[in-house]
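Chain by chain, the residues run as shown.
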Amino acid sequence: MADDLTRWVALLRGVNVGGGNKVPMAALRELATGLGWRDVRSYIASGNLVFSAPDGRLAEDLGDAMRQQMGVDVPNLVLSGEALRLALASCPYPPDAGKAVHGFFCAAPPVIDATRRDALAVASERLEVRDHVVWMYAPDGFGRSKLAAKIDKVITGTEFTARNLNTIRKLVEMLDG
């Protein structure tokens, strides 16, 4: 890897869920490679890329290329590998919680609507902001959580995309592997 290349993670929001925004991962890897990115790898079909590239307009370039070549317009966040490692290290919840913990990666500092959070959360659920990540702990099941279902009304002021702790850990492994 050349000295000017950095390891990055791209997190796409809302691809291949509910039958909408279909993006084959092989086509996404090819698109990213066409942008000059190297060592492009994807993880599961929900839009996670790990790659090497020089610093630049990575999120914008990816979004533009996806609109032009795939006809798909979804928000995406590109984080340095170091930023993802720091986010994982800042997780305030049990490291073995897996799918019970989700990190909501925000494009800008998030604002939490505490009134809505308190109205939706059950006693076991927790929400904590660490830098640009909102961590949610739902030990009774993320899929059954009213807070998780309405999180877009609780986290405001920014776009975001979520990954569970297992996926975040796997992406860090891919960065290091």
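Residues numbered from 1 in each chain as written. Predicted model: local features only at pLDDT ≥ 70, side-chain atom pairs only at ≥ 80, totals over all residues. Heavy atoms only, no water.

1. Overview of the sheet that holds strand E8 (residues 133-137)
Here is step 1 of the chain: The four strands are arranged E7-E8-E5-E10 in an open sheet whose pairing can be described as antiparallel. Looking at the sheet topology across the chains shown, the edges are occupied by strand E7 (126-130) and strand E10 (160-164). Strand after strand, the sheet turns through a mean of 20 degrees between neighbouring axes, direction not considered.
Here is step 2 of the chain: Sheet topology note: the E7/E8 ladder contains five bridges and is antiparallel. When the sheet's bridge partners are listed, arginine 130 is paired in E8 with valine 133.
Here is step 3 of the chain: Packed onto the sheet, helix H7 (residues 165-176) meets strand E5 (101-106), E8 and E10 and runs at close to 90 degrees relative to E10. (Pairing = 2+ DSSP bridges. Helix = DSSP H or I, 4+ residues; strand = E, 2+ residues; numbered from the N terminus. Axes fitted to C-alpha atoms, helices over the stretch in contact; angles between N-to-C directions. Contact = heavy atoms within 4.5 Å.)

2. A few points about unusual backbone geometry
Here is step 1 of the chain: Positioned with a positive phi, isoleucine 44 is a non-glycine residue whose angle comes to about 45 degrees.
Here is step 2 of the chain: Note that isoleucine 44 resides in the loop between strand E2 (38-42) and strand E3 (48-53).
Here is step 3 of the chain: Using a relative accessible area of 45% as the deciding quantity, one classes isoleucine 44 as partly exposed.
Here is step 4 of the chain: At aspartate 131, a position not held by glycine, the phi torsion is positive, near 60 degrees. (Buried < 20%, exposed > 50% of the residue type's maximum accessible area, 1.4 Å probe, protein only.)

3. Some thoughts on the packing of helix H1 (residues 25-34) against helix H2 (residues 58-70)
Here is step 1 of the chain: Running from amino to carboxyl end, H1 crosses H2 at an angle of 120 degrees, the nearest separation of the two axes being 10 Å. In terms of axis orientation, H1 runs oblique to H2. Between H1 and H2 lies a crossing of right-handed hand. Contact residues: H1 offers Ala27, Leu28 and Leu31, while H2 offers Leu62, Ala65, Met66, Gln69 and Met70.
Here is step 2 of the chain: Taken together, the residues of the contact of H1 with H2 sort by class into seven nonpolar, one polar and no charged. (Parallel < 35°, antiparallel > 145°, perpendicular 65-115°, else oblique. Left-handed = near helix turned anticlockwise from the far one by under 90°. Nonpolar A, V, L, I, M, F, W, Y, C, P; charged D, E, K, R; others polar.)

4. Some points on the packing of helix H3 (residues 81-89) against H7
Here is step 1 of the chain: Relative to each other, H3 and H7 sit at 140 degrees, their axes nearing to 10 Å. In this view, H3 runs oblique relative to H7, as classed from their interaxial angle. Where H3 crosses over H7, the two elements pack in a sense that is left-handed. Contacts between H3 and H7 involve Gly81, Leu84, Arg85 and Leu88 on the former and, on the latter, Leu165, Ile168, Arg169, Leu171, Val172, Leu175 and Asp176.

5. Details of the pairing of strand E4 (residues 76-80)
Here is step 1 of the chain: Within E4, five of the five residues are buried, which leaves the element mostly enclosed by the surrounding structure.
Here is step 2 of the chain: Covered by surrounding structure in E4 are Asn76, Val78 and Ser80 together with Leu77 and Leu79, the residues of both alternating faces.
Here is step 3 of the chain: With five bridges connecting them, strand E1 (residues 6-12) and E4 associate as antiparallel partners. Residue pairing across strands places leucine 11 opposite leucine 77, the latter belonging to E4.

6. Quick notes on the pattern of salt bridges
It is possible for side chains bearing opposite charge to pair when their charged atoms get close.
Here is step 1 of the chain: This structure, assessed with the given rule, holds eight salt bridges.
Here is step 2 of the chain: Aspartate 73 is the salt-bridge partner of arginine 67, the closest N and O atoms lying 3.1 Å from each other.
Here is step 3 of the chain: For arginine 67, a relative accessible area of 36% gives the class partly exposed. (Salt bridge = Lys/Arg side-chain N within 4 Å of Asp/Glu carboxyl O.)

7. A look at the state of the cysteines
Here is step 1 of the chain: According to the stated counting rule, one finds zero disulfides in the structure shown.
Here is step 2 of the chain: No disulfide involves cysteine 91; its nearest neighbouring cysteine sulfur is the one of cysteine 106, lying 14 Å away. (Disulfide = S-S within 2.5 Å.)

8. Some points on the side chain of asparagine 48
Here is step 1 of the chain: Mapping asparagine 48 onto the fold places it in strand E3.
Here is step 2 of the chain: Overall, the relative accessible area of 0% leaves asparagine 48 in the buried class.
Here is step 3 of the chain: Reaching out from asparagine 48, the side chain makes a polar contact with the backbone oxygen of tyrosine 43 at a distance of 3.0 Å.
Here is step 4 of the chain: Within the structure, the side chain of asparagine 48 is placed 3.3 Å from the side chain of serine 46, a separation counted as a polar contact.
Here is step 5 of the chain: In this structure asparagine 48 touches Ala10, Leu11, Arg41, Ser42, Tyr43, Arg163, Thr167 and Leu171, once residues within four positions along its chain are discounted. (Polar contact = N/O pair within 3.5 Å; in protein donor to acceptor, adjacent residues only side chain to side chain.)

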